[in-house]
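Spelled out from the first residue to the last, the chains are:
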Amino acid sequence: MNNFGMVNWIVLILYFGAMLFLGTRVGKSNNSTESYFLGSRKIPWWAIGLSVMATQCSAVSFIGMPGWGYTSGLKRLTYTFQFPLVMVILMTTFVPFFYNTKVVSIYEYLEKRFGSKSRTLMSVIFLLSRGLQTAVVMFVPALALAMITGLDPKITILIMGAFSIAYTVFGGIAAVIWTDVVQMFIIWLGVALAIIVPVFTADGGLGAIMGNAVSNNMITGLDFRFSLSNPYSFWGGLLGSGFLYITYLGTDQSQIQRVLTAKSIRETKLSLSLAGFIVPIQTLLFLTAGICLFTAFGGQAFENSDYVMLTFITQYLPAGIAGLVTAGVFAAGMSSVDSALNALATVATNDFYKKWKPDADDRQCLKASRYMTLFFGIFATIAALFLGGLGSILDLINVIGPLFYPCMLSAFTLAVFCKKGNEKGCITAIVTGLVVDVFMWKCTSIGSLWWNFFGFVAAFAAGYLVSILTYKGEEAISGSDFNYETATGSELTIENVVKLAVAGKMFVENCRLQADAV
């Protein structure tokens, strides 16, 4: 603790206090479940966009990606180069559907479209997968704080959990978004320093950095070779990471929920456009930071690539700045944890509590939401205590996500695109996606990012086939006022999307949808 220095401790404590104050302050107006879960749909688009970037670019990326750059240069730039295309797809498909149907939990849409069984199954899968991933992203900043300050990792995990739970319980989605906005700028500061400091302090400066990068094959073009064991080739990035991000940003409650807080469809698209433009640039800067640190550290080997950025903070940053960047790492992790806790509470309350107590008023539901947030926060904190020694955090989280994502994307693709899709097909797709991905994980050497693509193809094919074979002409659940044409964009069936793409009218169609939203 003494090595961290009194100045750094003061900065760290002040930052924690400021985040806690901001989170609880913006959540003071939470007097209903709509304000708690959706911010009363009044959050400005630029704040939503920054929040999306902050969660995607959390402590996992802040620590892991410079490590990638340190060990493999720009080879993993394919991880997010497809982001603009993903955002265009989301702006013309899933986002308009969810926004116009006015759902709070997106899994509610599955019940309106298919039935209660598909909604319950998908909700359970989300709670399981997001709960596990939350424990992972909680462990990252806790590890960072332990290494930098000398505290026991278990203590830092408990600190992380306590702060995240505190302002999320009281602040809701508004606290999630506005604290994300602040920490996004701290992350940018840390990355900028990781580039600037080596450039001005390393022997030979920028010339030496570029020379080392070239001689160690760190600056290479895209790898167009098709290899299932290499998920970071051009094709792995386009199909593997592409399908991962479509699922993560379009069908994962923890991400789509913040987009639903926008004032209009037009503002949801502006927020996604902002993220789509900046995220690939961020990835390039993270990897570049790792390349710069390679020269600063003399190419020394690290037991774990996650230690590269942490070593830079402890050895190269002056007092005060080190404390601020350390707080940024911690806050970056909190940005992922708080959004996950809020989403877990949203699903638990809307998909289970309200069904268990259909007569509960909004006040009771709001109270239940806070208890749910507390429960999942405690669960994630306890789970994080058991994650030490599992290797690179980015690699770990890239296994957990792809295991569950194909079944999620296939279910919503059936719901949004296929008029003949039904609950039997939806459940078949979900089960098939899980089975295929577990098989690829345990029985093959296929890279984890590829699981997103192959798992989705197999799951959707099985679900669509079963839907066709069992189709009886139903378009809505009996007794429901929902039908397939309820949501704007319902003309985007698979057949129509193909026709629009062939005719070169997808961009025109997107512009028309944006104009209609104004």
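Residues numbered from 1 in each chain as written. Predicted model: local features only at pLDDT ≥ 70, side-chain atom pairs only at ≥ 80, totals over all residues. Heavy atoms only, no water.

## Some points on the nonpolar core
Then, number 1: Core analysis: the biggest nonpolar cluster contains 152 residues, and Phe62, Leu90, Phe94, Phe98, Phe312 and Ile313 have the highest contact counts within it.
Then, number 2: Here the element with the most residues in this core is helix α9 (residues 153–201); it accounts for 18 residues.
Then, number 3: Each residue touching Leu90, except ones within four places of it in the same chain, is listed here: Val95, Pro96, Ile246, Leu249, Gly250 and Leu272. (Core = buried A, V, L, I, M, F, W, Y, C linked by side-chain atoms within 4.5 Å. Buried < 20%, exposed > 50% of the residue type's maximum accessible area, 1.4 Å probe, protein only. Helix = DSSP H or I, 4+ residues; strand = E, 2+ residues; numbered from the N terminus. Contact = heavy atoms within 4.5 Å.)

## Some points on the packing of aromatic side chains
Then, number 1: Scanning the entire structure with this criterion turns up 35 aromatic pairs.
Then, number 2: Measuring from ring centre to ring centre gives 4.9 Å for Phe83 and Tyr245, while their planes differ by 70°; the resulting arrangement is edge-to-face. With Phe83 in helix α5 (residues 83–92) and Tyr245 in helix α11 (residues 234–250), the pair connects residues that are 162 residues apart, well separated along the chain. Accessibility classification places Phe83 together with Tyr245 in one group, the buried group.
Then, number 3: Between the aromatic rings of Tyr248 and Tyr405, the centroid separation amounts to 6.2 Å while the plane-to-plane angle is 35°, which identifies the pairing as tilted. Note that Tyr248 is positioned in helix α11 and Tyr405 in helix α17 (residues 393–417), a separation of 157 residues in sequence. (Phe/Tyr/Trp six-rings, centres within 6.5 Å; stacked < 30°, edge-to-face > 60°.)

## Examining helix α18 (residues 423–443)
Then, number 1: Given a rise of 1.5 Å per residue, 21 residues ought to cover 30 Å, and the 30 Å separating the end C-alpha atoms of α18 matches this to within 8%.
Then, number 2: Among all positions of α18, only Glu423, Gly425, Cys426, Ala429, Ile430, Gly433, Asp437 and Met440 are buried.
Then, number 3: Of the residues flanking the start of α18, the one acting as N-cap is Asn422, its side-chain oxygen 3.3 Å from the backbone nitrogen of Lys424. (Expected span 1.5 Å × (residues − 1). Polar contact = N/O pair within 3.5 Å; in protein donor to acceptor, adjacent residues only side chain to side chain.)

## Focus: the confidence of the model for the protein chain
Close inspection of predicted coordinates is inappropriate for parts of the model with low pLDDT.
Then, number 1: Looking at the protein chain, the pLDDT average stands at 81 and 87% of residues meet or exceed 70.
Then, number 2: Long-range and interchain partners of residues 476–494, a stretch whose pLDDT sits below 50, account for 48 contacts in this model, where long-range means more than four residues apart.
Then, number 3: Long-range and interchain partners of residues 513–518, a stretch whose pLDDT sits below 50, account for nine contacts in this model, where long-range means more than four residues apart. (pLDDT = per-residue confidence, 0-100.)

## With respect to the packing of helix α8 (residues 116–149) against helix α14 (residues 307–316)
Then, number 1: Across the interface, α8 lies against α14 with an axial gap of 10 Å and an inter-helix angle of 40°. By the criterion of interaxial angle, the relationship of α8 to α14 is oblique. Where α8 crosses over α14, the two elements pack in a sense that is right-handed. For the pair α8 and α14, the contacting residues are Leu143, Ala144, Met147 and Ile148 in the first and Tyr307, Leu310, Thr311, Ile313 and Thr314 in the second.
Then, number 2: Each residue belonging to the contact of α8 with α14 can be placed in one class, and the counts come to seven nonpolar, two polar and no charged. (Axes fitted to C-alpha atoms, helices over the stretch in contact; angles between N-to-C directions. Parallel < 35°, antiparallel > 145°, perpendicular 65-115°, else oblique. Left-handed = near helix turned anticlockwise from the far one by under 90°. Nonpolar A, V, L, I, M, F, W, Y, C, P; charged D, E, K, R; others polar.)

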